[in-house]
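Chains, contacts and geometry: an overview
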Amino acid sequence: MIHTTTLLPGITLQCFTDTRFKQEGFSVQFVRPMCREEAALNALLPAVLLRGCQSAPDLRAITMRLDDLYGAALGSRLRRVGDYQTTGLSCSFMREEYALDGDKVFAPMVTFLEELLFCPLTENGAFCADFVEGEKKNLLSAIASKKNDKRTYAANRLIQIMGKGDSISVPRLGEADDVKAITPQSLYTHYQKILRESPVNIFYVGAADPGSIAEVVRPMFEGLERSPVELPAQTAFRDLGGAEETESMDVTQGRLCMGFTCESTCRDEGFVAMQLLNAIFGGGLTSKLFMKIREEQSLCYEIGSSYQGSKGILCVEAGIDFAKFHSVREEILHQLDACRQGDFTSDELNSAKQALISQLRSTHDSPGAIEGYYVTTGLNGLKLTPEAYARAVENATAEQVVDAAKQVRLHSVYFLKGE
């Protein structure tokens, strides 16, 4: 069961009580508008905070603190959720009832996280230059790896082509040029702005009572000078017109990516039907795209579709021979038209339902999965528990799926081919 408490203005604590796990989870995330000016700064910040604080000034000291907490683990939390970007820290730790001699685990863990978040190691009124430069290299390497992976690169290029003028076109990790421009002082200035202005989402998964969690967590923020700024509401995809682009690189396999607009987001009634449409159309190994285009016609090496409910877009990706671009493109549109005509069997619909319901059941398999579901759905505006979501999937009709398919319109096409 989820329990939500407003600790202070702009600071929300969510507790999911679950006694099944020996490990518990806790995260603190600052929610920011997704924009080019901030994306790289938000991506870099948690990595720098994890390098050291005043009480644990290096990685060795941090490791020793975590060892004292029965091998607790720390990590960053950087998410893209529609028009928002979250940046912060998370931790996992052992339940206190398994500790020796009544040792406390949760309160010391929160104290350490507080030190990392609010007492960073600084020099000359800014973050340590060595920390910033080292993590900039790591972030630039992560950005470069996405271009080297041509599958990821092509998918990102489609989103950039589709989303001109929309926040969805901004990469989650930011642009390389923006990372290079960051200085210890500019990052520290942005960090202070985040602490002062950002809504804060705190999430706990474990066996403890929500009231006792709130008592431990609230003092973390009572000393902060804050003037929280309300975030704008999530919006559907901002369609400024589509485009078709072909790019040549030294590749042996082509990448065809097609972007479609939908009328339904996860905040609309048609969301569940759109999820089912995606599953029938191209969301799995029993989908029409896979069975018809890959298995029966052998037109591609691999193919699939994905639906981004936060913005209301559907994307198809396929690995193909260069010469089969037109054949695969037309067959993808043909299979979409078949869905519009209701040309799918009850077995296909039931298979799609079972796949979605299985995914929803897995959200309670670990503390991390629970945190991920409730944080992202909460920020997206989807007001369904996994159980209610699964019931809606089970009750959806073929007619609703057909209506969803009729909303889908081709917007943009990107094709990566050999030189």
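Structure: see above.
Structure report, in brief. Starting afresh in each chain, residues are numbered from 1 along the sequence in its written order. Where local features are concerned, this predicted model is filtered to residues with pLDDT of at least 70; where side-chain atom pairs are given and counted, the filter is 80 or more; whole-chain, interface and lining totals use all residues. The side-chain figures draw on all heavy atoms in the structure; neither hydrogens nor water molecules are used.

A look at the sheet that holds strand E12 (residues 313-320)
Keep this limit in mind: Note on pairing: DSSP must find at least two bridges between two strands before they are called paired. The numbering of helices and of strands both runs from the N terminus, where a helix is a DSSP run of H or I of at least 4 residues and a strand a run of E of at least 2. Orientation is described by axes fitted as lines to C-alpha atoms, over the contacting stretch for helices, and by angles from 0 to 180 degrees between their N-to-C directions.
What the five strands build is an open sheet, ordered E9-E13-E10-E12-E11; its pairing is mixed. Because the sheet does not close on itself, it has two edges, and the strands there are strand E9 (244-249) and strand E11 (302-308). The mean inter-strand angle of the sheet, taken between neighbouring strand axes irrespective of direction, is 15 degrees. In the sheet, strand E10 (residues 254-261) pairs with strand E13 (residues 409-418) via seven bridges, with the strands oriented antiparallel. Paired with Thr261 across the two strands is Arg409, which belongs to E13.

Brief notes about the packing of helix H4 (residues 129-148) against helix H5 (residues 150-162)
Packed helix pairs are specified by the crossing angle of their axes together with the interaxial distance, meaning the distance between the axes. Definition in use: Every angle not falling under 35 degrees, over 145, or within 65 to 115 is termed oblique; those three ranges are roughly parallel, roughly antiparallel and roughly perpendicular. Note on definitions: a residue-residue contact is assigned when non-hydrogen atoms from the two residues lie within 4.5 Å. Basically, the charged four are Asp, Glu, Lys and Arg, the nonpolar ten are Ala, Val, Leu, Ile, Met, Phe, Trp, Tyr, Cys and Pro, and anything else, Gly included, counts as polar.
Direction vectors running N to C along H4 and H5 enclose 95 degrees, while the axes themselves pass 5 Å from each other. Looking at the two axes, H4 sits roughly perpendicular to H5. Note on element contacts: H5 touches H4 through Lys150, Thr152, Tyr153 and Asn156, opposite Lys146, Lys147 and Asn148. Residue composition of the contact of H4 with H5, grouped by class: one nonpolar, three polar and three charged.

A short note on the sheet that holds strand E5 (residues 84-94)
Pairing in this open sheet of six strands is mixed, and the strands run E1-E2-E8-E3-E5-E4 from one edge to the other. Strands with a single pairing partner mark the edges of an open sheet, and in this sheet they are strand E1 (2-8) and strand E4 (73-81). Within this sheet the neighbouring strands show an average axis-to-axis angle of 20 degrees, counted without direction. Pairing of E1 with strand E2 (residues 11-17) involves six bridges; the strand directions are antiparallel. Opposite Thr6, over in E2, you have Thr12 as the bridge partner. On the sheet, helix H7 (residues 184-197) packs against strand E3 (23-33) and E5 and is oriented at approximately 100 degrees with respect to E3.

Section: unusual backbone geometry
For clarity, the cut-off: Exposure classes here rest on a 1.4 Å probe applied to the protein chains alone. A residue is buried below 20% of its type maximum, exposed above 50%, and partly exposed in between.
A positive phi angle, close to 60 degrees, is found at Tyr70, a residue other than glycine. Tracing the chain through its elements places Tyr70 in the loop between helix H2 (59-68) and E4. Of the residues examined, Tyr70 reaches a relative accessible area of 29% and is grouped as partly exposed. We note that Ser298 has phi near 50 degrees; this positive angle belongs to a residue other than glycine. The residue Ser298 is located in the loop between helix H11 (288-296) and E11 in this model.

With respect to helix H8 (residues 210-217)
Side chains that are three or four residues apart share a direction in an α-helix, a result of its 3.6 residues per turn. Where we set the bar: Working note: the arc is built from the helix axis to C-beta atom directions.
Three or more residues of H8 are buried, namely Pro210, Ile213, Ala214 and Val217. Each buried residue of H8 lies within a common arc of 100 degrees when the element is viewed along its axis, so the set occupies one face. Packed against the buried residues of H8 are E1, E2, E3, helix H3 (106-118), strand E8 (200-206) and helix H9 (219-222).

A short note on the environment of Glu115
Our working rule: Polar contacts, as used here, are pairs of N or O atoms within 3.5 Å; protein pairs need one atom able to donate a hydrogen and one able to accept it. Residues neighboring in sequence count only if both atoms are side-chain atoms.
Relative to the assigned elements, Glu115 resides in helix H3. For Glu115, a relative accessible area of 19% corresponds to the buried category. Separated by 84 residues in the primary sequence, Glu115 and Val31 place their C-alpha atoms 20 Å from one another. Those residues within four positions of Glu115 in sequence are excluded, and the remaining contacts are Cys53, Ser55, Arg65 and Pro120. At 3.1 Å, the side chain of Glu115 and the side chain of Arg65 are in polar contact.

Interpretation in functional terms is not warranted from these geometric data alone.
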